[in-house]
Amino acid sequence: MTDNKNCCCLCRCCKWICGWIKYICCCVWCCDYEQLEGKGGKRTYPASKAECRKEIDKLNEEVELLTWRLQVMDNENKDLRQEKDAALSRLSEMMGSKLRDNNPAIADLNDQNRPMKLAEQFTELYENEWTDAFTDLQDLDKEGSDEKITDIESIQILLKILKEINDECVKDSSLQLSGLKEAFQVKYKTKVGVSSSFGDESNCKTVLKYKTVCQQFIEVCVKICYLSAVQDPPMFLDFEPNETFDKSTFKEFTVSGSLMDYLVWPALLIQKDGAILSKGVVQPKTESEDK
């Protein structure tokens, strides 16, 4: 019985305390507290929700203003960087022009047809157009026979095509590139003839014979050989490696060895007896042939 009375008294006390807490909270919410203590010292707080919203809107406006100023400064910074880069580019180009003036030994890095770039194109010619033409030639029949052209014969045909074009370009490098390419276009008709340097009486017999099946290979050969021939000094294609070939200049085709059996692809040099730019390819003799 005593326990029940104590419980009732405790409940009444709790209700009384809760009532006072609610009352105090309402007072805090409704009253105007100008200053409250904090770790950073005294701060002022708005007295109502409306003032809170007003203060928040004001802060948002300040944030937007600062963001806009930051964006403006960032754009100005980008413009200054672009002007700086443009000025440096102009200065570099001007200094490069002065260095290259009357000095052909210095390469123009902006020239897409400089020797190093031509060497890259020459390597790609062997890896791409040569491979396609090599495959296409093997689908052809030999003259007067039902037999197909062999691998070695295909290699010799493509090598002759390249050599004929290179010899013609070296002989007369003053020809326009467009004129050279026109000579080998598949659309050309026999009755119209080809250019004066690559006509039926020229030395490019192999080119004329296989111009249809090897069109893409021929066109790229013309471009590279012409641009190589007009360099100062002219670039050089090495079609005559020694029997004991130099492995720093030529790489092996399908077998290993030190003695050359036949040439597959010439090496490209910066000039005659000059530095190697693109390795050639040779087929070495087998061990049984060496003996």
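In short, a report on the structure. (Residues numbered from 1 in each chain as written. Predicted model: local features only at pLDDT ≥ 70, side-chain atom pairs only at ≥ 80, totals over all residues. Heavy atoms only, no water.)

## A word on the sheet that holds strand E5 (residues 260–265)
Spatially, E4-E8-E5 is the arrangement adopted by the 3 strands of the open sheet, whose pairing is mixed. The sheet is open, and its two edges are formed by strand E4 (250–252) and E5, each paired on a single side. Recorded for the sheet is a direction-independent mean angle of 35 degrees between the axes of neighbouring strands. In this sheet, strand E8 (residues 280–284) lies alongside E5 in antiparallel orientation, the contact comprising 4 bridges. Each residue of the ladder has a partner; that of Met 260, found in E8, is Pro 284. (Pairing = 2+ DSSP bridges. Helix = DSSP H or I, 4+ residues; strand = E, 2+ residues; numbered from the N terminus. Axes fitted to C-alpha atoms, helices over the stretch in contact; angles between N-to-C directions.)

## Considerations on the packing of aromatic side chains
One pass over the structure, following the stated rule, counts 6 aromatic pairs. The interplanar angle of 40 degrees and the centroid separation of 4.8 Å between the aromatic rings of Tyr 126 and Trp 130 together place this pair among those described as tilted. Overall, the relative accessible area of 15% leaves Tyr 126 in the buried class. With 5.3 Å between their ring centres and 35 degrees between their planes, Tyr 126 and Trp 265 make a pair best called tilted. (Phe/Tyr/Trp six-rings, centres within 6.5 Å; stacked < 30°, edge-to-face > 60°. Buried < 20%, exposed > 50% of the residue type's maximum accessible area, 1.4 Å probe, protein only.)

## Thoughts on the packing of helix H4 (residues 129–137) against helix H8 (residues 215–229)
Helices that pack against each other are described as a pair by the angle of their axes relative to one another and the distance between those axes. Two elements in contact, H4 and H8, have axes separated by 8 Å at closest approach and are oriented at 145 degrees. Crossing handedness for the pair H4 and H8: left-handed. For the pair formed by H4 and H8, the contact residues are Glu 129, Trp 130 and Ala 133 on the first element and Gln 216, Phe 217 and Val 220 on the second. A breakdown of the residues in the contact of H4 with H8 according to their chemical character gives 4 nonpolar, 1 polar and 1 charged. (Left-handed = near helix turned anticlockwise from the far one by under 90°. Contact = heavy atoms within 4.5 Å. Nonpolar A, V, L, I, M, F, W, Y, C, P; charged D, E, K, R; others polar.)

## Here's the deal with helix H3 (residues 115–127)
Its 13 residues give H3 an end-to-end C-alpha distance of 18 Å, which sits within 8% of 18 Å, the value for a rise of 1.5 Å per residue. Taken as a whole, H3 has its buried residues at Pro 115, Leu 118, Ala 119, Gln 121, Phe 122, Leu 125 and Tyr 126. The buried residues of H3 occupy one face: seen down the axis, they fall within an arc of 165 degrees. (Expected span 1.5 Å × (residues − 1). Arc of directions from axis to C-beta.)

## Quick notes on the environment of Ser 278
You can see Ser 278 is positioned in strand E7 (residues 276–278). When the C-alpha atoms of Ser 278 and Met 116 are compared, they prove to be 9.1 Å apart, with 162 residues separating the residues in sequence. Among the polar contacts made by the side chain of Ser 278, one reaches the side chain of Thr 123 at a distance of 2.9 Å. (Polar contact = N/O pair within 3.5 Å; in protein donor to acceptor, adjacent residues only side chain to side chain.)

## Let's talk about the layout of surface pockets
In this structure, the second largest pocket spans a volume of roughly 290 Å³. Lining the second largest pocket are 14 residues, with Asn 166, Asp 167, Val 170, Phe 236 and Leu 237 sitting closest to its centre. Only helix H5 (151–171) and strand E3 (236–238) provide two or more residues apiece to the lining of the second largest pocket. Per-element accounting of the lining of the second largest pocket gives the leading share, 4 residues, to H5. Broken down by class, the residue content of the lining of the second largest pocket amounts to 7 nonpolar, 2 polar and 5 charged. (1 Å grid on protein atoms, 1.4 Å probe; cavity = no way out; pocket = protein on both sides within 12 Å on 5 of 7 lines; lining within 4 Å. Points joined across faces, edges and corners; volume = space filled by probe spheres on them.)

## Overview of a nonpolar patch on the surface
On the surface, Leu 88, Leu 91 and Met 94 cluster together to form a nonpolar patch covering roughly 270 Å² of accessible area. Counting through the fold element by element, Met 94 comes out in helix H2 (residues 49–100). (Patch = residues over 30% accessible without salt bridge, like charges linked within 9 Å, V, L, I, M, F, W, Y side chains within 5 Å. Areas by Shrake-Rupley, 256 points an atom, 1.4 Å probe, with all protein chains shown as cover. Salt bridge = Lys/Arg side-chain N within 4 Å of Asp/Glu carboxyl O.)

## Considerations on the sheet that holds E3
The 3 strands lie next to each other as E3-E6-E7, forming an open sheet whose pairing is antiparallel. Edge positions in the sheet fall to E3 and E7, since each has one partner strand and no second. Averaged over all adjacent pairs, the angle separating strand axes in this sheet is 40 degrees, with direction ignored. With 2 bridges joining them, strand E6 (residues 267–269) and E7 adopt antiparallel strand pairing. Along E7, the bridge assignment pairs Leu 268 with Ser 278.

## Observations regarding the pairing of E8
The element E8 is extensively covered by neighbouring structure, given that 5 of its 5 residues are classed as buried. Across the two faces of E8 the burial is the same, with Gly 280, Val 282 and Pro 284 and Val 281 and Gln 283 all buried. The pairing of E4 with E8 spans 3 bridges and is classified as parallel. When the bridges of E8 are listed, Glu 252 appears paired with Val 282.

## Topic: the pattern of salt bridges
One pass over the structure, following the stated rule, counts 9 salt bridges. The closest approach of N and O atoms between Asp 141 and Lys 148, which form a salt bridge, is 3.1 Å. Asp 141 gets classed as partly exposed once you look at its relative accessible area, which sits at 43%. Lys 148 sits in the partly exposed class, given a relative accessible area of 44%. When the shortest N-O distance is used, the salt bridge between Glu 153 and Lys 142 registers 3.4 Å. A residue pair is termed long-range when its members are at least 10 positions apart, and Glu 153 in helix H5 and Lys 142 in the loop between H4 and H5 qualify at 11 residues. Looking at Glu 153, the relative accessible area reads 27%, which means it is partly exposed. Accessibility expressed as a relative area gives 24% for Lys 142, which makes it partly exposed. Salt bridges here are not isolated pairs; linked through shared partners, they connect Lys 142, Glu 147 and Glu 153.

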